[in-house]
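Report on the structure
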Amino acid sequence: MEQRTFSERLLLVAALILCAILVGYNAFYSPQASEPVIIYRDFSVESLSNEEYQPLPGESIHRLNLNTASAEELAQHVPGIGDLLAQDIVEYREKHQGFQRLDELKNIEGIGDKTFEKMKPYLTLS
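Residues numbered from 1 in each chain as written. Predicted model: local features only at pLDDT ≥ 70, side-chain atom pairs only at ≥ 80, totals over all residues. Heavy atoms only, no water.

1. Considerations on the packing of aromatic side chains
Spelled out, the test is: Side-chain rings of Phe, Tyr and Trp (the six-membered ring for Trp) are treated as a pair once their centres are within 6.5 Å; stacked means planes under 30 degrees apart, edge-to-face means over 60, and tilted covers the remaining angles.
Evaluation of the coordinates by the stated rule reveals 1 aromatic pair. Each ring, one from Tyr92 and one from Phe99, has its centre 5.3 Å from the other, and the planes form 25°; the classification is stacked.

Below, the structure written as C-alpha cells:
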C-alpha cells in the first residue's frame, strides 16, 4: 500500500473540512420566502421630471383600477398625475359613466402621449 506524504494528508484533511463546512451551511441555511414588497412613490407634479420613469430594481408595480380609484390614490401612486389632474380624471369618469379603454385618458386636458405612457403601467380597468 502506498504511503501518503505529510503534505498530501494535510491537503486531504483541509479538503474534507471545507466540504463539511459547505455541506453544513447548505443543510441549515434556508432563505426566508416572503411576500413581495410594494413600494409606493410620491408622484406629485413637483417631483416628476420630464424623463421617462424607470421602476426601481425589485419594485413591484401596484395597478390601480381607473374606474374605482379615488383622486387621492391616483395622485399619490401614479406618475404624471398631480392633485388637479387626478380630480379631472375622476370628474371625466363620472361624466362618462367610467372608462372603457385606458387611452380615453388622452381625452383629458393635460394628458398627452408621454404622460399617458408613464401612467399606463400603473392603471387597469379590471
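2. Section: the confidence of the model for the protein
Low-pLDDT stretches of the model should not have their predicted coordinates read in fine detail. Where we set the bar: As a per-residue quantity, pLDDT reports the predictor's confidence and falls between 0 and 100. By the criteria applied, helices consist of DSSP H or I runs no shorter than four residues and strands consist of E runs no shorter than two, each listed in order from the N terminus.
In the predicted model, the protein carries a mean pLDDT of 80, and the fraction of residues at 70 or more is 74%. Looking across the protein, the model is least confident in helix H4 (residues 113–119), with a mean pLDDT of 88, and most confident in helix H3 (residues 83–95), with 94.

3. What to know about the environment of Asp88
Its location among the elements puts Asp88 in helix H3. Spatially, the C-alpha atoms of Asp88 and Ala71 are 8.5 Å apart, while their sequence positions differ by 17 residues.

4. Remarks on the pattern of salt bridges
Which entries qualify depends on this criterion: Any carboxyl oxygen of Asp or Glu that lies within 4 Å of a side-chain nitrogen of Lys or Arg is treated as forming a salt bridge with it. Using a 1.4 Å probe on the protein chains alone, a residue whose accessible area is under 20% of its type maximum counts as buried, one over 50% counts as exposed, and one in between counts as partly exposed.
Under the defined criterion, the tally for this structure stands at 2 salt bridges. Measuring nitrogen to oxygen at the nearest pair gives 2.9 Å for the salt bridge that ties Asp103 to Arg101. According to the relative accessible area criterion, Asp103 is partly exposed, its value standing at 33%. Owing to a relative accessible area of 49%, Arg101 belongs among the partly exposed residues under this scheme. The closest approach of N and O atoms between Lys106 and Asp113, which form a salt bridge, is 3.1 Å. Judged by relative accessible area, which is 54%, Asp113 ranks as exposed.

5. Quick word on a negative patch on the surface
Formally: Grouping into patches uses exposed residues only, defined as over 30% relative accessible area, and leaves out salt-bridged ones; the cut-off is 9 Å for like charges and 5 Å for nonpolar side chains (Val, Leu, Ile, Met, Phe, Trp, Tyr). Method for areas: the Shrake-Rupley scheme with a 1.4 Å probe, in which residue coverage is limited to the protein chains shown. His is not counted here, nor are the chain ends, while Lys and Arg score as positive and Asp and Glu score as negative. By convention, the point assigned to a charge is CZ for Arg, NZ for Lys, CD for Glu and CG for Asp.
A cluster of acidic residues, Asp88, Glu91, Glu94 and Glu109, forms a negative patch on the protein surface. Its location among the elements puts Glu109 in the loop between H3 and H4. Assessed through its relative accessible area of 73%, Glu109 is described here as exposed.

6. Looking at the nonpolar core
Counted only if it meets this: Definition of nonpolar core: a set of buried residues of the types Ala, Val, Leu, Ile, Met, Phe, Trp, Tyr and Cys, connected through side-chain atoms within 4.5 Å. We call two residues in contact whenever any of their non-hydrogen atoms come within 4.5 Å of each other.
Counting residues in each nonpolar core, the largest one holds 22 residues, and the members touching the most others are Leu74, Ile89, Leu105 and Leu123. In this structure, Ile89 is in contact with Leu66, Leu74, Ile81, Phe99, Leu105, Ile108, Ile111 and Met119, ignoring residues within four places of it in sequence.

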